[in-house]
Amino acid sequence: MSHLIDLRSDTVTRPTPAMRAAMASAEVGDDVYGEDPTVNLLEKRAAEIFGREAALFVPTGSMGNQIGLKVHTQPGQEIVCESRAHILDWEMGMAATFSGCTIRAVPAKDGILTWKEIEPVIFKRGTFRAATGLIEVENTANLAGGRVTPLPVLEEIWAGAKAHKLPTHLDGARIFNASAALGVDVKELTRGFDTVMFCLSKGLCAPVGSMLAGSAELIAQARIYRKALGGGMRQAGILAAAGLIALQEMPKRLHEDHANAKLLAESLAKLEGAVIDPATVETNIVIFRLTGELKAVELAARLKTHGILCSAVGPDAIRLVTHNDVSREDCLTAVEAFTAEIQATLVS
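Residues numbered from 1 in each chain as written. Predicted model: local features only at pLDDT ≥ 70, side-chain atom pairs only at ≥ 80, totals over all residues. Heavy atoms only, no water.

1. Examining the nonpolar core
Judged by nonpolar contacts, the single largest core of 52 residues is most densely connected at Ile135, Ile175, Phe176, Phe198 and Leu200. In terms of residue count, helix α11 (residues 237-248) provides more of this core than any other element does, 6 residues in total. Setting aside its immediate chain neighbours within four residues, phenylalanine 176 contacts Phe50, Val186, Phe198, Leu204, Leu247, Pro251 and Leu254. One finds Ala265, Leu271, Ile318 and Ala334 within the second-largest nonpolar core, a separate group that totals 30 residues. (Core = buried A, V, L, I, M, F, W, Y, C linked by side-chain atoms within 4.5 Å. Buried < 20%, exposed > 50% of the residue type's maximum accessible area, 1.4 Å probe, protein only. Helix = DSSP H or I, 4+ residues; strand = E, 2+ residues; numbered from the N terminus. Contact = heavy atoms within 4.5 Å.)

2. Some points on the sheet that holds strand β4 (residues 102-106)
Spatial ordering of the open sheet is given by β2-β8-β7-β6-β5-β3-β4, a layout of 7 strands whose pairing is mixed. Looking along the sheet, the strands with just one partner apiece sit at the ends: β2 (54-58) and β4. Sheet twist, expressed as the average angle between the axes of neighbouring strands with direction ignored, equals 20°. Inspection of the sheet shows strand β3 (residues 78-82) paired to strand β5 (residues 132-138) by 3 bridges, in the parallel sense. Following the sheet pairing, valine 80 is matched in β5 by isoleucine 135. (Pairing = 2+ DSSP bridges. Axes fitted to C-alpha atoms, helices over the stretch in contact; angles between N-to-C directions.)

3. Comments concerning the pairing of strand β7 (residues 195-199)
In terms of burial, β7 is a largely internal element, 5 of the 5 residues being buried. By the alternation rule, side chains of β7 split into Thr195, Met197 and Cys199 and Val196 and Phe198, which are all buried. In the sheet, strand β6 (residues 168-171) pairs with β7 via 3 bridges, with the strands oriented parallel. Its bridge partner lying in β7, leucine 170 is registered against valine 196.

4. Digging into the pattern of salt bridges
This model, assessed by the stated rule, comprises 21 salt bridges. With its nearest N and O atoms 3.1 Å apart, the salt bridge here joins glutamate 48 to arginine 45. On the criterion of helical spacing, the pair formed by glutamate 48 and arginine 45 is a turn pair, its members being 3 residues apart in helix α2 (residues 37-49). Among the residues examined, glutamate 48 registers a relative accessible area of 39% and is labelled partly exposed. The shortest N-O distance in the salt bridge between aspartate 316 and arginine 289 comes to 2.8 Å. Of this pair, aspartate 316 sits in the loop between β12 (311-314) and β13 (317-321) while arginine 289 is found in strand β10 (residues 285-290), placing the two residues 27 residues apart along the sequence. (Salt bridge = Lys/Arg side-chain N within 4 Å of Asp/Glu carboxyl O.)

5. Overview of the pairing of β3
Counting buried positions along β3 yields 5 of 5 residues, so the element is predominantly enclosed. In this structure, β3 lies alongside β4, joined through 5 bridges in parallel fashion. Pairing of cysteine 81 across the sheet is with alanine 105, part of β4.

6. Some words on the packing of helix α3 (residues 61-72) against helix α10 (residues 216-228)
It is the contact of α3 with α10, at a shortest axis distance of 9 Å, that shows an interaxial angle of 120°. Taken together, α3 and α10 sit at an angle that is classed as oblique. Considering the relative orientation of α3 and α10, their crossing is right-handed. When α3 is examined against α10, the residues Met63, Ile67, Lys70, Val71 and His72 are found in contact with a partner set consisting of Leu218, Gln221, Ala222, Tyr225 and Arg226. Among the residues making up the contact of α3 with α10, the classes are represented as 6 nonpolar, 2 polar and 2 charged. (Parallel < 35°, antiparallel > 145°, perpendicular 65-115°, else oblique. Left-handed = near helix turned anticlockwise from the far one by under 90°. Nonpolar A, V, L, I, M, F, W, Y, C, P; charged D, E, K, R; others polar.)

Rendered as structure tokens:
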């Protein structure tokens, strides 16, 4: 194998040469004291881009999400989210542990929650059941194959939540991918949420870090919760320097990842033994299913011998994620390997 083709996630991206240079020369201070100028600049710039009063640099998207849930809720409340949401499946039960809240999981077609699906599961405070404290939306929807929630659907959710006097939080880990797919600026696409979390360390290539944006009051409280969770990172300007480049430069190239994902989907759709509708691939995530005897974990293991890494996300489901470190040529090479291994199983 000439080199490893890693399609497991866009979290595996390496910092760009410009990021490494910026990290090496970053001006730093103690961020817990609020004295790291590079972190301060990153937070200021993130708030400006999203049209918010303030933003907070956090080590991970999970921490950003959990702080976002905490600032809006009280123990014993419910958080409404889609049934495949990251906060439910991949954040270690922290909504219960940290915020004392339960999750009201709502199955939705393509992972896209609508107000029609949310409104029936909203409950007011009473003596018989937990009250709804927060509505959470994930855009793009990771385990629904990176599907995008359109602006009109979001606007209906914002209006409904406001009518019920409920706050809203966005898990926008890949919100720049949604923005690129829809052709809608992130400020417009997120304007109705009370808090927005987005990742710098996924498709934007920063080595570490995510942002939580909101009102000055909410972010002041979020800063306290960040410290409580061990997220005070001291001279974090070394990381924020890469984050600034991720934020300001890397969204411009996300259409390339989307095109590569579409290439993978269209190629796999032609393959006997694999099922995917290319029309459902809107961003940089491809999830396809196997129809034969071959199991997803077995296929992933076989592909590893070809120098191709992918994720089994179910007994018969494989997830591929395109990013800055995977070229069009890499995707074509991956398709050849998928074809060989799947067809070999069908022949045998």
